[in-house]
Amino acid sequence: MIWPKKFCQKQLKTILATKLFFDQLLNEVILYSINLYNSYTIFYDLNKIQYDTIQQMLESYFLKAKTDKKLQRNLYRVPICLSAPFSMDWPTLAHQNAVEVSSAQSLFLANSYQVFFIGFLPGFLYLGPLPKALHLPRRATPRNQIARGAVGIGGDQLGIYPQASPGGWNIIGQTPILLFDPRENPPVFAQPLDRIRFYAIDASEYAEISELVRMGAYELEKEVIHV
Amino acid sequence: MSEITVLSAGLYTTIQDLGRLGYAAYGVPLSGSLDQRSAQLANALVGNANTAAVMEITLLGPKLKFAHNIEIAIVGAPIQPQLNGTTIPMSKMIKVTERDILSFGSMPYGCRSYLAVSGGFDVSVILGSRSFYKPVTPFNVLRKGQTLSCGTQTSLSEEKVVDDLPHSHFNNREILVKAGPEFEMLSASAQVFQSEFTVASQSSRMAYVFKETIQHNLPSIATSPVAPGTVQLTPSGQLIVLMRDAQVTGGYPRVLQLPEESIDQMAQKRPGDKIRFQLQ
């Protein structure tokens, strides 16, 4: 099912309510399902159900999914080092958007960002919406190696690389926290509708937190929110 | 509990099962045996359930030493298996005994072969699966010197044999496909179906790519779900057939979709093989 393409909390709630409802209703035939910014996709077992049947069920039950209930989520405070070499592309962003680096950074830190979904790589958080002054098209040529924890801007999207990987997004900072931990279940701390607020740290704080993360002794600060 | 020591690892040898269902929402790929058909036959021969983990061998086989008596079966691309230097048949249950050494010869065609052991390979279950995939599992491939455990041995009353897979499973050039969600956007569909594509050497468990490109003017799409078998078309005209270790979302138009049987056949293509896509 597809909704209009927009970064919208209300629409995401509708999509997640739809997902919750149909995941339960079709539990027997669904292999798995995922939500993205504006879609809910069902992967189902063709030996158990036909496309037409699924489509009829989606049409007849669509309005039954409850979307008005408040959901409990978390607002996480995520440390980020914005200076070089943890960031590379602030000068480009400032130049292209005709803003000062310092004011662009203040704007970035002043906002909190909603988790829309996780994709691309295990634990890659897709965040938004991003203020217009921070939009920056993806790089024409991707970099071969983006560091684990790198925070990137790809057009109007904001994301965090959970592992070292090639990537075409503009890197504006890096967080020492663990985005994906297969020893935990679920392996990712955040879920759709959670929010992330970044706070700036310097290189020495980055090293300290990295060490705590390595020892398994670091805990993210969070507060409960209702969305 | 039976043990197997990896004397040499081969080119790209992994442990795989049906895959890691239910973690796509965390960005975790499905993984699992690329050629599920071969893997399932191998499991059946040693009396395993289809959920048992098998060893996926790519082009160049490993060398393995068994510490206990156990039943094994090898199914998939022909790879001249030998037990203590003596050739043994494929697609047949074989009893191996303590200190036996299994090695492999060359693979004249196809790309992947599967070794099943009675009880299955008992590597750690992480997020619901034994399939190797870094960073979910600590390693991508088997390493020399590593020791693998197998599940409890079941004693089979009779020797089992299955028919060899048809030659077409490995050498079929026509890959049957269905239209993908963005197929209608594709005005250059004739090129997709009339051209021959050569498997490029960068092809992997994540994706198959080809030397040839096609001309088109399709825009990128909003980030959308992709699955094993999804064929994406990049702005530079490259077709990408996503395989089982592929990412779960993508922003390129999804022009075609391979059904399961076609994914199995694609998994048997090696760099240099030529294929055509045929609309089902």
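Residues numbered from 1 in each chain as written. Chains lettered and ligands numbered in written order. Predicted model: local features only at pLDDT ≥ 70, side-chain atom pairs only at ≥ 80, totals over all residues.

## Considerations on the overall build of chain B
- Looking only at helices and strands, chain B has 4 helices and 20 strands in total.
- Across its three principal directions, the C-alpha atoms of chain B cover 60 × 35 × 30 Å.
- The buried share of chain B, reckoned over its 280 residues, is 49%.
- Within chain B, contacts between residues separated by at least 24 positions form 77% of all contacts whose residues are at least 6 apart in sequence. (Helix = DSSP H or I, 4+ residues; strand = E, 2+ residues; numbered from the N terminus. Buried ≥ 20, exposed ≤ 12 C-beta atoms within 10 Å, placed from the backbone. Contact = placed C-beta atoms within 7 Å.)

## Structural notes on the pairing of strand β2 (residues 40-44) of chain A
Residue and element names in this part refer to chain A.
- Across 5 bridges, the pairing between strand β1 (residues 30-35) and β2 is antiparallel. Directly across from Asn 35, in β2, lies its bridge partner Tyr 40.
- The hairpin turn running from β1 into β2, its antiparallel successor, is 4 residues long. (Pairing = 2+ DSSP bridges.)

## Comments concerning the confidence of the model for chain B
- Residue-level pLDDT values for chain B average 93, and 96% of them are 70 or greater.
- For this predicted complex, the interface score ipTM comes out at 0.90, while the overall pTM is 0.91. (pLDDT = per-residue confidence, 0-100.)

## Describing the nonpolar core
- One finds Ala42(B), Val54(B), Leu115(B), Ala116(B) and Val241(B) to be the most contacted residues of the largest nonpolar core, which totals 123 residues.
- Not counting residues up to four positions away in its chain, the partners in contact with Val241(B) are Ala207(B), Tyr208(B), Val231(B), Leu258(B) and Met266(B). (Core = buried A, V, L, I, M, F, W, Y, C linked by C-beta atoms within 7 Å.)

## Here's the deal with the interface of chain B and chain A
- If you look at the interface, chain B gives 19 residues, while chain A gives 24 residues.
- When its residues are assigned to classes, the side of chain B that touches chain A shows 13 nonpolar, 6 polar and no charged. (Nonpolar A, V, L, I, M, F, W, Y, C, P; charged D, E, K, R; others polar.)

## What about the sheet that holds strand β11 (residues 195-200) of chain A?
Residue and element names in this part refer to chain A.
- Pairing within the open sheet is mixed, and its 8 strands lie in the order β10-β7-β8-β5-β4-β11-β3-β12. Of all the strands in the sheet, just β10 (170-174) and β12 (221-226) have a single pairing partner and so form its edges. In this sheet, neighbouring strand axes are inclined to one another by 35° on average, regardless of whether the strands run parallel or antiparallel. (Axes fitted to C-alpha atoms, helices over the stretch in contact; angles between N-to-C directions.)

## Focus on unusual backbone geometry
- Geometrically, the link from Ala84(A) to Pro85(A) is a cis peptide bond, its omega value of 0° lying close to zero.
- Looking at where Pro85(A) falls in the secondary structure, it is placed in the loop between β3 (72-80) and α3 (90-97).
- The amide bond that connects Gly128(A) to the next residue, Pro129(A), takes the cis arrangement and shows omega of -10°.
- Topologically, Pro129(A) is positioned in the loop between β5 (125-128) and β6 (143-146).
- Within the chain, Leu59(B) stands out as a residue other than glycine whose phi angle is a positive 60°.
- With respect to the element layout, Leu59(B) can be found in the loop between β3 (54-58) and β4 (63-66).
- Even without a glycine there, the phi angle at Asn84(B) is positive, about 50°.
- Among the secondary structure elements, Asn84(B) is positioned in the loop between β6 (81-83) and β7 (86-87).

## A word on the pairing of β3(A)
Residues and elements named next belong to chain A.
- When β3 meets β12, the two strands line up antiparallel, connected through 6 bridges. Across the sheet, Leu 75 pairs through a bridge with Glu 223, a residue of β12.
- The sheet contact formed by β3 and β11 spans 6 bridges and is parallel. Each bridged residue has a counterpart across the sheet, and for Pro 79 the counterpart in β11 is Tyr 199.

## Looking at the confidence of the model for chain A
- Across chain A, the average pLDDT comes to 93, with 100% of residues at or above 70.
- When mean pLDDT is compared element by element in chain A, β11(A) scores highest at 98, while helix α2 (residues 51-61) of chain A scores lowest at 87.

## Side note on the sheet that holds strand β14 (residues 207-209) of chain B
Residues and elements named next belong to chain B.
- In spatial order, the strands read β13-β20-β12-β19-β16-β17-β14; together these 7 strands make up an open sheet with mixed pairing. Each edge of the open sheet is held by one strand with a lone partner, namely β13 (197-198) and β14.
- Note: β13 against strand β20 (residues 274-279), 2 bridges, orientation antiparallel. Among the inter-strand pairings, Thr 198 is bridged to a residue of β20, identified as Lys 274.

## Considering the environment of Gly128(A)
All names here are of chain A.
- Within the secondary structure, Gly 128 is located in strand β5.
- On the basis of neighbour counts, which here come to 19 C-beta atoms within 10 Å, the residue Gly 128 falls in the partly exposed class.
- Sequence separation between Gly 128 and Asp 156 is 28 residues; the distance between their C-alpha atoms is 8.0 Å.

## Description of the packing of α3(A) against helix α4 (residues 101-110) of chain A
Residue and element names in this part refer to chain A.
- Contact pair α3 / α4: the axes reach a minimum separation of 9 Å and the direction vectors enclose 100°. Comparing the axis directions of α3 and α4 gives the class roughly perpendicular. Contacts between α3 and α4 involve Trp 90, Pro 91, Leu 93 and Ala 94 on the former and, on the latter, Val 101, Ala 104 and Gln 105. (Parallel < 35°, antiparallel > 145°, perpendicular 65-115°, else oblique.)

## Some words on the environment of Arg205(B)
All names here are of chain B.
- Mapped onto the fold, Arg 205 is located in the loop between β13 and β14.
- Owing to 25 C-beta atoms within 10 Å, Arg 205 belongs among the buried residues under this scheme.
- As for Arg 205 and Ser 31, which are separated by 174 residues in sequence, their C-alpha atoms are 8.4 Å apart.
- With sequence-adjacent residues up to four places away left out, Arg 205 is seen in contact with Leu 34, Met 243, Arg 244 and Asp 245.

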